[in-house]
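Examining the three-dimensional arrangement
Chain by chain, the residues run as shown.
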Amino acid sequence: MKWWKNQTVYQVYPLSYNDSNDDGRGDLQGIIAKIPYIKSLGVGIIWLTPIYQSPMDDNGYDISDYYQINPLFGTMADFELLLAEIHKHGLKLMMDLVVNHTSDEHAWFKEAIANKKSKYRDYYLFSDEIATAETSFFGGGVWEYSTAAGQYYYHLFSKRQPDLNWDNEHLRQDVYAMMNWWLDKGVDAFRLDVIDFIGKEPFKQIRSGEKTHTYLQEMHQACFAFRDAVMTVGEMTTATIENTPLYTKRERKELDMVFHFEIASINQDKNSDDKWSYRPFNLVELKRCFEKWQVGLHNNGWNALYWCNHDQPRVVSTFGDPVNYHYQSATMLAGLLHGMQGTPYIYQGEEIGMTNIRLEAHEYRDVEILNLLAEHKQKGIDLEQTLELIYRKGRDNARTPMQWNTDAYAGFSKVPTWLAVNPNYQEINVAAAIANKTSIWYWYAELVALRKKEPIIVEGDFQLLEANHPQLFAYQRQYQGETITVYANFLGTDLEVELPCTGEVIMANYRVPLDNILRPFEFIMWKN
Ligand code: ISL
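Residues numbered from 1 in each chain as written. Predicted model: local features only at pLDDT ≥ 70, side-chain atom pairs only at ≥ 80, totals over all residues. Heavy atoms only, no water.

1. Examining empty space enclosed by the protein
Empty space among the atoms can be located by rolling a probe the size of a water molecule over them. This model, assessed by the stated rule, comprises four cavities of 30 Å³ or more. Roughly 80 Å³ of internal volume is contained in the largest cavity. Around the largest cavity, the lining residues are His260, Ile263, Phe290, Trp293, Gln294, Asn303, Ala304, Leu305, Tyr306 and Leu337. Tallied by class, the residues present in the lining of the largest cavity amount to seven nonpolar, three polar and no charged. Taken as a whole, the second largest cavity holds about 60 Å³ of empty space. Every residue along the wall of the second largest cavity is listed here: Trp307, Cys308, Arg314, Val315, Val316, Ala330, Leu333, Ala334, Glu350, Gly353, Met354 and Tyr444. Sorting the residues of the lining of the second largest cavity by element identifies α8 (315-318) and α9 (326-338) as the ones contributing at least two each. The leading source of residues in the lining of the second largest cavity is α9, at three residues. Broken down by class, the residue content of the lining of the second largest cavity amounts to nine nonpolar, one polar and two charged. (1 Å grid on protein atoms, 1.4 Å probe; cavity = no way out; pocket = protein on both sides within 12 Å on 5 of 7 lines; lining within 4 Å. Points joined across faces, edges and corners; volume = space filled by probe spheres on them. Nonpolar A, V, L, I, M, F, W, Y, C, P; charged D, E, K, R; others polar. Helix = DSSP H or I, 4+ residues; strand = E, 2+ residues; numbered from the N terminus.)

2. Here's the deal with the sheet that holds strand β10 (residues 231-235)
Taken in spatial order, the eight strands line up as β11-β10-β9-β5-β2-β1-β13-β12 in an open sheet, and their pairing is parallel. Taken across any chain shown, the strands that pair with only one partner, and hence form the sheet edges, are β11 (257-259) and β12 (304-306). The mean angle between the axes of side-by-side strands here comes to 25 degrees, regardless of whether they run parallel or antiparallel. This element, helix α2 (residues 76-88), spans β2 (45-48) and β5 (92-97) of the sheet and lies at about 135 degrees to β5. (Pairing = 2+ DSSP bridges. Axes fitted to C-alpha atoms, helices over the stretch in contact; angles between N-to-C directions. Contact = heavy atoms within 4.5 Å.)

3. Some details on the state of the cysteines
By the definition in use, this model includes zero disulfides. Cysteine Cys308 is unpaired, with the sulfur of Cys289 as its nearest cysteine sulfur at 16 Å. Residue classification places Cys308 among the buried positions, given a relative accessible area of 3%. (Disulfide = S-S within 2.5 Å. Buried < 20%, exposed > 50% of the residue type's maximum accessible area, 1.4 Å probe, protein only.)

See the structure below:
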């Protein structure tokens, strides 16, 4: 069995985890101090979002030097200590790799625009005209004029994130050399940012073409094949159940697993690729979507299971009820996901049920939100209306500082923080969660432990029960004569339903189940 199959990943967003040097922003020494905390949750792998040199236009997803640590976060010595401490605690480190694009401050790009003859010109994508009407993820078109270059360059994300030209072989070799440099240092895993786009054909408006597979196979040979056990997860907005096995089937030698977006975008307008569009989610559709991926990848790939990350609003705010049923809804949602097959990802603060935040327009920091505010202002759209969209889906919901205790700034820092702390830190914080044996935190720890203890959670198949029920989320897992059955009330009202009641209750967020009724957000797992 691959070493990560029964493990859980814990995602750290360094800017918001723990500030050790009182500048209002998190850093590597801050993370080092919290490794025992992370370890205590039982997880096996820490995923760090980018900590490389960066002007921070997109909080590190705009890298200006792949070989340097951003001084904001610390030094290379701090990084090496972090890695050593992670290994000392028996944990593994997953680095975030952003190689679809760089920062416009990367030396390659600076040379590319300064000198048409430079070999780096072809590391990026230039055009004499606006070649396509395609729009970028963060608003506006994908072609931006550079006066220095005298041409337009292509960017799928902010205009400060020019896309790399993966058709250039030298670029590819430079990237592989850099990846090997990190792997030689002892990094155990990579999360590959928007990796489906490396096979783009910008002039044909194709973002994820066949070439993505060619390059991933080449990368695999260059960086992973000769090493024991590097774990890789590709983030792909274009992943479907049909194309995902092509990335993850072992014999194809590409990646281990993929983050798809079908659950994360379940409350988005189906006919629109605008993430801000909204359509209330439908439980039957949500269940069917999970079923499709659980059944589709069983013995045919591997799921990356997540509700939350640094780009998504907090799950308890989206699907739960943080006001009336904070504990019940957070634990129900966690139980559903962690009972499935795949590798679960916990995003910092999810383990204590951190929630969304409502800020004033000037308090937002995310480039995507700032672009939206500017665009809507220009179009004359009412600010209140724009803020409603941001409250629901804005990425800063996930990026507020980690809530450690009831001290000023939630114990994250001693000074004003780069992004506001959620005022609910007085109730929702790690110290309170640890002090209360029946908190969300202990529920997560139990789920993480269960995966290590029960092969059925790792290996079992998946069968959705009562598929068309509008309020009940129920499923069964089977493996070698054992069965796990899960029943969950997805809403905040009582639900009369016949419960299976066979076997032993192994997880129950109301502890003692009643007969044939599920209370608001009640979750029960039986084993027999
Ligand atoms: O969150 C999204 C838009 O709101 C997603 O579409 C997101 O842009 C997509 O998931 C890609 O995300 C990754 O690459 C981006 C970076 O901003 C995100 O933080 C990262 O997770 C560009 O590097």
